[in-house]
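# Structural characterization, general
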Amino acid sequence: MSDASHTTSRKNPIATLFLDHPATVDETYFQHMRFAFSFAFWLGVAAFAALVHAIIPALCETTASRILKRLHTRIESRH
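Residues numbered from 1 in each chain as written. Predicted model: local features only at pLDDT ≥ 70, side-chain atom pairs only at ≥ 80, totals over all residues. Heavy atoms only, no water.

## Here's the deal with the overall build of the protein
The following threshold applies: Put simply, DSSP H or I for four residues or longer makes a helix, DSSP E for two residues or longer makes a strand, and each gets a number counted from the N terminus. Note on classification: 1.4 Å probe, protein chains only; a residue is buried when its accessible area is under 20% of the maximum for its type, exposed when over 50%, partly exposed between these limits. By the convention used here, residues are in contact when the closest approach between their heavy atoms is within 4.5 Å.
Assigned secondary structure in the protein consists of five helices and zero strands. If you list the helices and strands of the protein from N to C, you get α-α-α-α-α. Considering the protein as a whole, with its 79 residues, one finds that 16% of them fall into the buried category. Considering only contacts within the protein whose residues lie at least 6 apart along the sequence, 42% involve residues at least 24 apart.

## Observations regarding helix 4 (residues 29-55)
The line we're drawing: Under the convention used throughout, the expected extent of a helix is 1.5 Å for every residue step, that is, one less than its residue count.
Between its terminal C-alpha atoms helix 4 stretches 39 Å, which fits the 39 Å expected from 27 residues at 1.5 Å a residue. Where helix 4 is buried, its residues meet helix 3 (20-24) and helix 5 (63-77).

## Let's talk about the nonpolar core
So the rule is basically this: Put simply, a nonpolar core is a bunch of buried Ala, Val, Leu, Ile, Met, Phe, Trp, Tyr and Cys residues held in one set by side-chain atoms that sit within 4.5 Å of each other.
Ranked by size, the top nonpolar core spans six residues in total: Phe35, Phe39, Ala46, Ala64, Ile67 and Leu71. Among the elements of the structure, helix 4 and helix 5 are those that each provide at least two residues to this core. Residues within four places of Ala46 in sequence aside, it is in contact with Ala64, Ile67 and Leu68.

## Focus on a nonpolar patch on the surface
Worth spelling out the cut-off: Patches draw on residues past 30% relative accessible area with no salt bridge. Two like charges within 9 Å are joined, as are two nonpolar side chains (Val, Leu, Ile, Met, Phe, Trp, Tyr) within 5 Å. Using a 1.4 Å probe, accessible areas were evaluated by the Shrake-Rupley method; residue-level cover was limited to the displayed protein chains. For salt bridges, the criterion is a side-chain nitrogen of Lys or Arg within 4 Å of an Asp or Glu carboxyl oxygen.
A surface patch of nonpolar side chains, about 520 Å² in accessible area, is lined by Phe48, Leu51, Ile55, Ile56 and Leu59. Note that Leu51 resides in helix 4. Look at Leu51 and you get partly exposed, because its relative accessible area is 49%.

## Here we look at unusual backbone geometry
Although it is not a glycine, Asp26 adopts a positive phi angle of roughly 55 degrees. Despite not being glycine, Cys60 has its phi angle at roughly 50 degrees, a positive value. Here Cys60 lies in the loop between helix 4 and helix 5.

## Brief notes about the packing of aromatic side chains
Centre-to-centre distance and the angle between the planes together describe a pair of aromatic rings. The condition is simple: Pairing of aromatic rings covers Phe, Tyr and the six-membered ring of Trp, with a centre-to-centre limit of 6.5 Å; geometry is then stacked below 30 degrees between planes, edge-to-face above 60, and tilted otherwise. Whether a charge sits over a ring comes down to the Lys NZ or Arg CZ being within 6 Å of the ring centre and within 35 degrees of the ring normal.
Per the counting criterion, the structure on display carries four aromatic pairs. A centroid spacing of 5.8 Å and a plane angle of 75 degrees characterise the contact between Phe18 and Tyr29, whose relative ring orientation is edge-to-face. You can see Phe18 sitting in helix 2 (residues 13-18) and its partner Tyr29 sitting in helix 4, a full eleven residues away along the chain. By the ring-pair criterion, three or more aromatic residues cluster together here, those being Phe18, Tyr29 and Phe30. Over the ring of Trp42 we find Arg70, and its NZ or CZ is 4.6 Å from the ring centre.

Next up, the structure:
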């Protein structure tokens, strides 16, 4: 049996890397990218708020936890 017979049954590696996972949550690549970038942005804001709070406890007392609760709700509503 030649290797050529196996290549036709293999999945496209581009689809595997970029399309398979977004499809599992009923999104296109770009819809998923937008969601992930938005999520990353808000995680960064939460991390910065936590850092500010660590240095000056009177500031950003609930900011990070409020952001994380909102992000958790967004994730849960997707499934």
